[in-house]
Amino acid sequence: MTEEKIKYELEFPVKASPHMLFPFLSTPSGLSEWFCDDVNSRGEKYTFIWDGDERVAYMVGKKTEKYIRFRWEEDHEEDNKYYFEFKIVVDELTNDTALIVTDHSDEDEVEEDKLLWESQINELFHTIGA
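Since we're looking at a predicted model, the values are computed, not measured.

Trainee: Account for the side chain of Glu85, naming residues and giving values.
Mentor: The residue Glu85 is located in strand β6 (residues 84-90) in this model. With sequence-adjacent residues up to four places away left out, Glu85 is seen in contact with Tyr67, Ile68, Arg69, Ile100, Val101 and Thr102.

Written out as structure tokens, the structure reads:
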């Protein structure tokens, strides 16, 4: 049996509306501007490309301007347990927007993966000017 992965969340304040931010999280053209070199999608299947390497994920949930959830192909057998998700939350009182990234990693890779996400999200914010 494979080792359990650890679930973690990272929250990033963002100076952008959900309407402006969501396409960068959910469309191949938006994702390819900050997340990877290129993205091809056919239906629920997304192929992410980094330096010529391809990795396939399936979109397993989406609510426009709220969240999008993906599951890597290799985790598809795990009864929908492991995924990565981008969730946009707007504070009702302050109207501040936050991007919450949820992911799962092996215990010895959590800190490294968190740093990778921080780097990626910084690239996203640079891309959108937020």
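Alright, that's what it looks like, and here's the rest.
Trainee: Would you mind going over the layout of surface pockets in detail, with residue names and values included?
Mentor: Here the largest pocket is characterised by a volume of approximately 410 Å³. In this structure, the largest pocket is lined by 18 residues; those nearest its centre are Arg55, Trp72, Asp103, Asp113 and Leu116. Among the secondary structure elements, those contributing two or more residues to the lining of the largest pocket are β7 (97-105) and α3 (110-128). Broken down by element, the residue count for the lining of the largest pocket peaks at four residues, all from α3. Residues of the lining of the largest pocket, tallied by class, amount to eight nonpolar, three polar and seven charged.

Trainee: An account of the pattern of salt bridges is requested, with residue identities and associated values reported.
Mentor: Under the criterion given, the structure shown has five salt bridges. Arg69 is paired through a salt bridge with Glu85; the nearest N and O atoms lie 2.9 Å apart. Taken together, the residues span a long stretch of sequence, with Arg69 in strand β5 (residues 67-72) and Glu85 in strand β6 at a distance of 16 residues. Between Glu111 and Lys114 there is a salt bridge, with its nearest N and O atoms 3.9 Å apart. With Glu111 and Lys114 both in helix α3, this residue pair falls three residues apart, about one helical turn. What makes Lys114 partly exposed here is its relative accessible area of 23%.

Trainee: Requested: an account of α3, with residues and values cited.
Mentor: Between its first and last C-alpha atoms α3 spans 27 Å; for 19 residues at 1.5 Å apiece the expected length is 27 Å, and the two agree. On the buried face of α3, the contacting elements are β1 (6-14), α1 (18-26), β6 and β7. One or two steps after α3, the chain reaches Gly129, where phi turns positive at roughly 70 degrees.

Trainee: Please set out the sheet that holds β5 residue by residue, giving values where relevant.
Mentor: Pairing within the open sheet is antiparallel, and its seven strands lie in the order β1-β7-β6-β5-β4-β3-β2. Sheet topology places β1 and β2 (38-42) at the edges, where each strand pairs with a single neighbour. Each neighbouring strand pair of the sheet contributes to a mean axis angle of 25 degrees, computed without reference to strand direction. Here strand β3 (residues 45-50) pairs with strand β4 (residues 53-63) via six bridges, running antiparallel. Looking at β4, one finds that Phe48 is bridged to Arg55.

Trainee: I'd like a rundown of the packing of aromatic side chains, residues and numbers included.
Mentor: Counted under the stated rule, the structure contains 20 aromatic pairs. Geometrically, the ring pair formed by Tyr46 and Phe48 is stacked, given 6.2 Å between the ring centres and 20 degrees between the ring planes. Each member of the pair, Tyr46 together with Phe48, is buried. With a centroid separation of 5.6 Å and 70 degrees between ring planes, the pair formed by Phe48 and Trp72 is classed as edge-to-face. Taken together, the residues span a long stretch of sequence, with Phe48 in strand β3 and Trp72 in strand β5 at a distance of 24 residues. Of the two residues, Phe48 and Trp72, both sit in the buried class. Members of the aromatic cluster, connected to one another through ring pairs, are Trp34, Phe35, Tyr46, Phe48, Trp50, Phe70, Trp72, Phe84, Phe86 and Trp117. Directly above the ring of Tyr82 sits Lys5, whose terminal nitrogen or CZ lies 5.3 Å from the centroid.

Here is what the cut-offs are and how they apply
Residues numbered from 1 in each chain as written. Predicted model: local features only at pLDDT ≥ 70, side-chain atom pairs only at ≥ 80, totals over all residues. Heavy atoms only, no water. Helix = DSSP H or I, 4+ residues; strand = E, 2+ residues; numbered from the N terminus. Contact = heavy atoms within 4.5 Å. 1 Å grid on protein atoms, 1.4 Å probe; cavity = no way out; pocket = protein on both sides within 12 Å on 5 of 7 lines; lining within 4 Å. Points joined across faces, edges and corners; volume = space filled by probe spheres on them. Nonpolar A, V, L, I, M, F, W, Y, C, P; charged D, E, K, R; others polar. Salt bridge = Lys/Arg side-chain N within 4 Å of Asp/Glu carboxyl O. Buried < 20%, exposed > 50% of the residue type's maximum accessible area, 1.4 Å probe, protein only. Expected span 1.5 Å × (residues − 1). Pairing = 2+ DSSP bridges. Axes fitted to C-alpha atoms, helices over the stretch in contact; angles between N-to-C directions. Phe/Tyr/Trp six-rings, centres within 6.5 Å; stacked < 30°, edge-to-face > 60°. Lys NZ or Arg CZ within 6 Å of the ring centre and 35° of its normal.

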